[in-house]
Amino acid sequence: MVLTQEEIQASLRDSQKWELEDGTWIKKHYNLPTFPKAMQFVNEIADLAEDRQHHPYMIIDHTTVTIKLSTLDKGGLTQKDFEAAHAYDRTYLRYT
C-alpha cells in the first residue's frame, strides 16, 4: 500500500537523513572512506536488496554512493522502502 504524505513525513522524521525526492522517491548519500569500501558497501546493499526482492537505484561516484528507493510496482513509497532504508543505514554503520 502506498503511504500517505503524512505517513511519509513521519517515516522521514524517523529516518537517518533520508530525503524525499519528487514525492515518490527517498534518497540518501553515503560517503565511504575509499573506492574499494564504496564497492564493498554497494555489494552488501545488492545482497540485501536481492534477499528482499526490493532493488534500489544506486549511483557510485568514487567514494559517494547515492541510493534511491521507491516501490515502482505500487506507484510510490511504501513501508518496504523505509524498511530497506533502515537496513542500508545499519549496513553503513560497519563502514564508519
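Residues numbered from 1 in each chain as written. Predicted model: local features only at pLDDT ≥ 70, side-chain atom pairs only at ≥ 80, totals over all residues. Heavy atoms only, no water.

A. Structural view of the packing of helix α2 (residues 35-52) against helix α3 (residues 79-93). The contact between α2 and α3 brings their axes to 10 Å, and the two run at 145°. Of the two elements, α2 crosses α3, and the hand of that crossing is right-handed. Residues Phe 41, Glu 44, Ile 45, Leu 48, Ala 49 and Arg 52 of α2 touch α3, and the partners they reach there are Lys 80, Glu 83, Ala 84, Ala 87, Tyr 88, Arg 90, Thr 91 and Tyr 92. Looking at the contact of α2 with α3 residue by residue, the classes come out as 8 nonpolar, 1 polar and 5 charged. (Axes fitted to C-alpha atoms, helices over the stretch in contact; angles between N-to-C directions. Helix = DSSP H or I, 4+ residues; strand = E, 2+ residues; numbered from the N terminus. Left-handed = near helix turned anticlockwise from the far one by under 90°. Contact = heavy atoms within 4.5 Å. Nonpolar A, V, L, I, M, F, W, Y, C, P; charged D, E, K, R; others polar.)

B. Seen up close, the pattern of salt bridges. Tallying each qualifying case throughout the model produces 4 salt bridges. Among the ionic pairs, Lys 27 bridges to Glu 21, the shortest N-O distance being 3.0 Å. Glu 21 gets classed as buried once you look at its relative accessible area, which sits at 19%. In this structure, Lys 68 and Glu 21 form a salt bridge, with 2.7 Å as the shortest nitrogen-oxygen distance. With a gap of 47 residues between them, Lys 68 in strand β4 (residues 64-69) and Glu 21 in strand β1 (residues 19-21) connect regions that are remote in the sequence. Note on accessibility: Lys 68 and Glu 21 belong to one class, buried. The network of salt bridges with shared partners includes Glu 21, Lys 27 and Lys 68. (Salt bridge = Lys/Arg side-chain N within 4 Å of Asp/Glu carboxyl O. Buried < 20%, exposed > 50% of the residue type's maximum accessible area, 1.4 Å probe, protein only.)

C. Layout of the pairing of strand β3 (residues 57-61). Sheet analysis places β3 next to β4, joined by 5 bridges and oriented antiparallel. Within β4, the residue paired with Ile 59 across the bridge is Thr 66. Hairpin remark: β3 followed by β4, antiparallel, with 2 residues in the connecting loop; positive phi at His 62, about 60°. (Pairing = 2+ DSSP bridges.)

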